[in-house]
Amino acid sequence: MRNVRLIYQKTDRAKYISHLDLNRLMLRVIKRSKLPVWYTEGFNPHVFITFALPLSLGFESRYDVMDFRVEDDSLSNEDILAALKSALPESIVAVKVIDPKLKAKELCFAQFKIIVHCDEQNRTKLENLLNAGEILVEKTTKKKEIKSFDVKPKIKDMHIQTTDYGMDVTLLLPAGCDENINPMLIFDKATADGIEFDIENVIRGDLYDKNMEIFC
Amino acid sequence: MTDLQLNKLLKGVQKPGRYTGGELNSVVKDKSEVDVRFAFCFPDTYEIGMSHLGMKILYSLLNTMDGVWCERVFAPWPDMSDNMKKAGQGVFALESLDEISKFDIIGFTLQYELCYTNMITMLRDSDIPIFAKDRHSLSQLVVAGGPCVCNAEPIADFVDAVFLGEGEEHLPKFVELYKQYKKENKSKQEFLKAASKIEGVYIPSLYTVTYNDDGTVKSVDAVDDAPMPIKKAIIRDLDKVFYPDNFVVPYIETVHDRAVQEVFRGCIRGCRFCQAGMIYRPVREKHADTVSKQAKCLCDSTGYDEVSLSSLSTSDYSEIEPLLNDMLDWTNKEKINISLPSLRIDSFSPELLEKISKIRKSGLTFAPEAGSQRMRNVINKNLDEETILNTCRTAFEGGHCSVKLYFMLGLPSETYEDIEAIGVLGQKIVDEFYNMPNRPKGKGVQVSISLATFVPKPHTPFQWMAQDEIEKVRDKQLHLVHSITTKKISVSWHESQTSLLEAVFARGDRRLSKVIARAVELGCRFDGWGEYFNMDLWQQAFKDSGLTMEFYANRERSYDELLPWQHLDYCVSKAFLMKENELAKQAITTDNCRQKCSGCGANKLLKGGKCFEEC
């Protein structure tokens, strides 16, 4: 038995599959693939799968990570990839199967690309907001209290590209077990400030460890 | 509609996965190679519609036809519906995202009366004229099927054609004929006239209805040579009938999120309140090896880890033991659960229980329907208290400690003693648990009683009976609650207002079409959902149309009265229904179909006129 890691992408309409639904979907994919995967040994045995970093509903992803275990060591990563590819729906794309090197808790950062539609005036307002020394946003805590905090120091890296429809914003944000920052916090703040824009898409790109190496 | 437009519509909408399509096994065809586009509409939410077996079967079947593309359509939830209205977007099909107004045939499956307003709302919001007489071209043909159409009269003015009986039989013939008439540029009138000759196809516009001064039906007459009566169509050999080898697998969780394998149609029990038990006659079984093979195929193609064996009463399946033995071989190996819905209490043998307990412990649910033996005899639910208690004891010994029981209030001839008997039965089940010498320590027992309100349905022996008025039902509910003294028994019930509306539409006539249209105008939709059901609006709609609910629901009808659905022939004779109703009045039971043929008439649908080999 060995651990394997699937790298996959959620594209197109698959972004409307919630994390819980994705979990059930992947269980069915594994069942259809007929791969000899490891089942838990409890009272109701079920396929063991874990996800490194759940994705918000409505986001696409380019580097999503799912781990599971395969009973038959003679199967190569390529065999496993082929079996999964044949069982996945169109909008979830299997990229590769690898031997996991890092543990999920070593995941530290995620890159997000936000495609924003707006006019020039509002673009300037958004740019000002993003470039300010402090971005105070509101977050609901687990105790259902609304907490205000400065998100600016959390942004590890930011790029703004002007486009003909508005702008593309690329953000590198903390992600993983210890701390998670949802990029929508910043854009919700912009909406609250009266800035008008439409978000066409949010795409989560690569995942990184603490040394900014690709998580693998 | 483009993906980008869809993205915009979905902003802030709950469960966007309801509207995005693209699921595994959904069928996308090349529009340029399609002659007939069929929009299969389920007038309720995605989660409910996608759990419905009939839709899965007919969707797959229509898509096997050359030049035919069938797509799925569900009623958008009010949040999405409001977004769509703002954007000028009509109701759309999930495969192509095209609006239903672009389709040749728009078919609705009507599973319960309270979805009628959704059907009309879906048409209206897509700019399709809701009344059949206002749609003139052959395209946008609105058709309907499902159990509710056994009395299609309340919706008769909206639809162009109605399918009585089983869709696998007449739907392909109907679509094939449509294809031919479309190619030949024939008119809608010409097509409907030709379609009326297909068995099971009812064209309401070919019949005129007149009424007496008191509001009852005076006559139903066929125009020209339209068939009279219109007879339902059935599949004779279930082993040979088409069954899909895959299902569309939803992304979001649906009500029945598992593979569903049909075992048989019809029911041997003749419960007198039960419409399904009458209109799906005669009983036709699939062989155990067919069932097992089809179930395995479905599990392989969908990846589900649970399969349910579906029928009106699966424990009455004559090959249940060989089937379970056969299926357990592969289900255990592939770690797949078998779930058996609607198990009947009196055929729940210890051997069967043992086999099920090997799979997984699920909830224990029984439907005695009535508390007293007299009442159970009236409704012909042939089961006695001893059997119920024995079954519960067996279940408790097998480790169960909660039981759910379904009952009906307002049954014909019901007294307050009959109602108290429900609580007494619950108490006896509780006692049964505590009388067990080796009961699990520290564990209590919970008996949940769920109360429905009796709705008299057409084509049943109780089709002439009156429904209790709302106040009476409320009083009965309270009476039961007050008669229960222990916390081990909990009681819940359905809102009786929706049952009243159900009763009205179940036995309504054509004049109700205008009530439905008015209710939709007033904003009624999703009436089956407590948060949207609005009795005040419905009362307004009836008032505006000059009709009353009481006329349809709370009036006992005489055997002489011409019933609005009498021209729709479900092959169970009026004489049989009358005989059963008379036996009910004397609390005399009738044997089940396997014990003794009671001569309902449905056997004539089969070759040789025999439901069972031995009879």
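Residues numbered from 1 in each chain as written. Chains lettered and ligands numbered in written order. Predicted model: local features only at pLDDT ≥ 70, side-chain atom pairs only at ≥ 80, totals over all residues. Heavy atoms only, no water.

Participant: What exactly am I supposed to notice about the overall build of chain B here?
Facilitator: Summing up its helical and strand segments, chain B has 20 helices and 19 strands in all. For chain B, the spread of C-alpha atoms along the three principal axes comes to 75 × 65 × 55 Å. Out of the 615 residues belonging to chain B, those deemed buried represent 59%. Taking contacts inside chain B between residues at least 6 apart in sequence as the whole, the part at least 24 apart equals 77%. Accessible surface, chain B: about 23,900 Å² in total, of which carbon and sulfur atoms supply 50%. Between the mean site of the 76 positive side-chain charges and the mean site of the 87 negative ones, chain B shows a separation of 1 Å. (Helix = DSSP H or I, 4+ residues; strand = E, 2+ residues; numbered from the N terminus. Buried < 20%, exposed > 50% of the residue type's maximum accessible area, 1.4 Å probe, protein only. Contact = heavy atoms within 4.5 Å. Areas by Shrake-Rupley, 256 points an atom, 1.4 Å probe, with all protein chains shown as cover. Lys, Arg positive; Asp, Glu negative; His and termini not counted. Charge placed at Lys NZ, Arg CZ, Asp CG, Glu CD.)

Participant: What's the story with the overall build of chain A in this structure? I'm lost.
Facilitator: Across its full length, chain A holds 4 helices and 10 strands. Across its three principal axes, chain A shows a C-alpha extent of roughly 60 × 35 × 30 Å. Each of the 216 residues in chain A was classed as buried or not, and the buried ones make up 50%. Long-range contacts, defined as pairs at least 24 residues apart, comprise 72% of the intrachain contacts of chain A with a sequence gap of at least 6. Working note: accessible area of chain A is about 10,900 Å², and carbon and sulfur atoms make up 48% of it. Looking at charge distribution, chain A has the averaged site of its 31 positive side-chain charges lying 5 Å from that of its 34 negative ones.

Participant: Which parts of the structure should I look at to understand the domain arrangement of chain A?
Facilitator: A common way to state how big an interface is: give the accessible area lost once the parts meet. All names here are of chain A. Parsing chain A into structural domains produces domain 1 (2–100) and domain 2 (105–209). Using only C-alpha atoms to locate each centre, domain 1 and domain 2 end up separated by 28 Å. Each side of the interface is counted separately: domain 1 has 14 residues, and domain 2 has 17 residues. Carbon and sulfur atoms make up 58% of the area that domain 1 and domain 2 hide from each other, which totals about 1,100 Å². Connecting domain 1 to domain 2 are 1 salt bridge. Remark: the boundary between domain 1 and domain 2 carries 9 residue pairs in polar contact (both at pLDDT 80 or more). (Domains from an automatic or database assignment. Buried area = accessible area lost by both parts, 1.4 Å probe. Salt bridge = Lys/Arg side-chain N within 4 Å of Asp/Glu carboxyl O. Polar contact = N/O pair within 3.5 Å; in protein donor to acceptor, adjacent residues only side chain to side chain.)

Participant: What's the story with a nonpolar patch on the surface in this structure? I'm lost.
Facilitator: Residues and elements named next belong to chain B. On the surface, a nonpolar cluster with roughly 250 Å² of combined accessible area is contributed by L478, V481 and W493. Along the polypeptide, L478 turns up in helix α15 (residues 470–483). For L478, a relative accessible area of 44% corresponds to the partly exposed category. (Patch = residues over 30% accessible without salt bridge, like charges linked within 9 Å, V, L, I, M, F, W, Y side chains within 5 Å.)

Participant: Just checking my understanding: could you explain the interface of chain A and chain B for this structure?
Facilitator: The interface of chain A with chain B comprises 21 residues on the first partner and 31 residues on the second. Summed over both partners, the interface of chain A with chain B buries about 2,200 Å², with 52% contributed by carbon and sulfur atoms. The largest contributions to the chain A side of the interface with chain B come from A:R13, A:Y16 and A:R28, which together make up 33% of the buried area. One can count 6 salt bridges joining chain A with chain B. For B:D3, the salt bridge is made with A:R13, and the minimal N-O distance between the two is 3.6 Å. There are 10 residue pairs in polar contact (both at pLDDT 80 or more) connecting chain A and chain B. Counting only elements with at least two residues in the side of chain A that touches chain B, the list comes to α1 (19–33) and β10 (198–209) of chain A.

Participant: Explain the environment of A:I203 to me, please; I cannot follow it from the model alone.
Facilitator: All names here are of chain A. The topology assignment puts I203 in strand β10. Separated by 169 residues in sequence, I203 and K34 have C-alpha atoms that sit 31 Å apart. Excluding residues within four positions of it along the chain, I203 makes contact with E60, R62, Q111, F112, K113 and I115.

Participant: Before we go on, may I ask you to explain the side chain of B:Q477 in this structure?
Facilitator: Residue and element names in this part refer to chain B. By the secondary structure assignment, Q477 is in helix α15. Judged by relative accessible area, which is 5%, Q477 ranks as buried. The residues contacting Q477, other than those within four sequence positions of it, are L409, L451, T453, W493 and H494.

Participant: Any chance you could explain a negative patch on the surface here in plain terms?
Facilitator: Judged by side-chain charge, A:E41, A:E71, A:D72 and A:D73 come together as a negatively charged surface patch. Note that A:D72 resides in the loop between β3 (59–70) and α2 (77–87).

Participant: Would you explain the nonpolar core in this entry?
Facilitator: Among soluble globular proteins, nonpolar side chains are generally buried collectively. Counting residues in hydrophobic clusters, the biggest one holds 114 residues, and the most contacted among them are B:L110, B:F174, B:F191, B:W538 and B:F542. In this view, B:F191 contacts B:L138, B:L141, B:F174, B:L177, B:Y178 and B:Y181; residues no more than four positions away in its chain are not counted. Of all hydrophobic cores here, the second largest spans 39 residues; its members include A:F149, A:A175, A:I186 and A:A190. (Core = buried A, V, L, I, M, F, W, Y, C linked by side-chain atoms within 4.5 Å.)

Participant: Would you explain the pattern of salt bridges in this entry?
Facilitator: Where charged atoms of side chains with opposite charge meet at close range, the side chains can pair. By the definition in use, this model includes 56 salt bridges over all chains. One salt bridge in this structure joins A:D198 and B:K11, with 3.7 Å as the shortest N-O distance. With A:D198 in strand β10 and B:K11 in the loop between α1 (3–9) and β1 (36–42), this residue pair bridges two chains. B:D98 serves as the salt-bridge partner of B:K31, at 2.9 Å between the closest nitrogen and oxygen. One end of the pair, B:K31, is in the loop between α1 and β1; the other, B:D98, is in the loop between α4 (78–87) and β3 (105–109), with 67 residues separating them in the sequence. What emerges from the salt-bridge pattern is a single network uniting B:E166, B:E168, B:E262, B:R265 and B:R284.

Participant: Got a minute to help me understand the sheet that holds strand β13 (residues 306–310) of chain B in this structure?
Facilitator: In sheet architecture, strand pairing relies on hydrogen bonds along the backbone and comes in two forms, parallel and antiparallel. Residue and element names in this part refer to chain B. Across the sheet, which stays open at both edges, the 3 strands sit in the order β10-β13-β14 with parallel pairing between neighbours. Among the strands making up the open sheet, the edge pair consists of β10 (259–262) and β14 (337–339). When strand polarity is set aside, the average angle formed by the axes of neighbouring strands in this sheet is 25°. (Pairing = 2+ DSSP bridges. Axes fitted to C-alpha atoms, helices over the stretch in contact; angles between N-to-C directions.)

Participant: Where do I start with the packing of helix α17 (residues 512–522) of chain B against helix α18 (residues 535–545) of chain B in this structure?
Facilitator: The description of two helices packed together rests on the angle between their axes and the distance between the axes. All names here are of chain B. Packing of α17 against α18 leaves a shortest axis separation of 8 Å and a crossing angle of 130°. Compared by their axis directions, α17 and α18 come out oblique. Like other packed secondary-structure pairs, α17 and α18 cross with a definite hand, here right-handed. Each of L512, K514, V515, R518, A519 and L522 in α17 lies in contact with α18, whose residues at this interface are L537, W538, Q540, A541, F542, D544 and S545. Class assignment for the residues of the contact of α17 with α18 results in 8 nonpolar, 2 polar and 3 charged. (Parallel < 35°, antiparallel > 145°, perpendicular 65-115°, else oblique. Left-handed = near helix turned anticlockwise from the far one by under 90°. Nonpolar A, V, L, I, M, F, W, Y, C, P; charged D, E, K, R; others polar.)

Participant: Quick question: what am I supposed to make of the sheet that holds strand β17 (residues 446–453) of chain B here?
Facilitator: All names here are of chain B. Taken in spatial order, the 4 strands of this open sheet run β15-β16-β17-β18, and their pairing is parallel. Looking at the sheet topology across the chains shown, the edges are occupied by β15 (364–369) and β18 (489–493). Neighbour-to-neighbour, the strand axes of the sheet open up by a mean angle of 25°, direction not taken into account. Where β15 meets strand β16 (residues 402–409), 4 bridges bridge the pair, whose relative direction is parallel. Across the sheet, the residue bridging to L364 is V403, located in β16. Taken strand by strand, helix α13 (residues 385–397) contacts β15 and β16, and its axis lies near 175° from that of β15.

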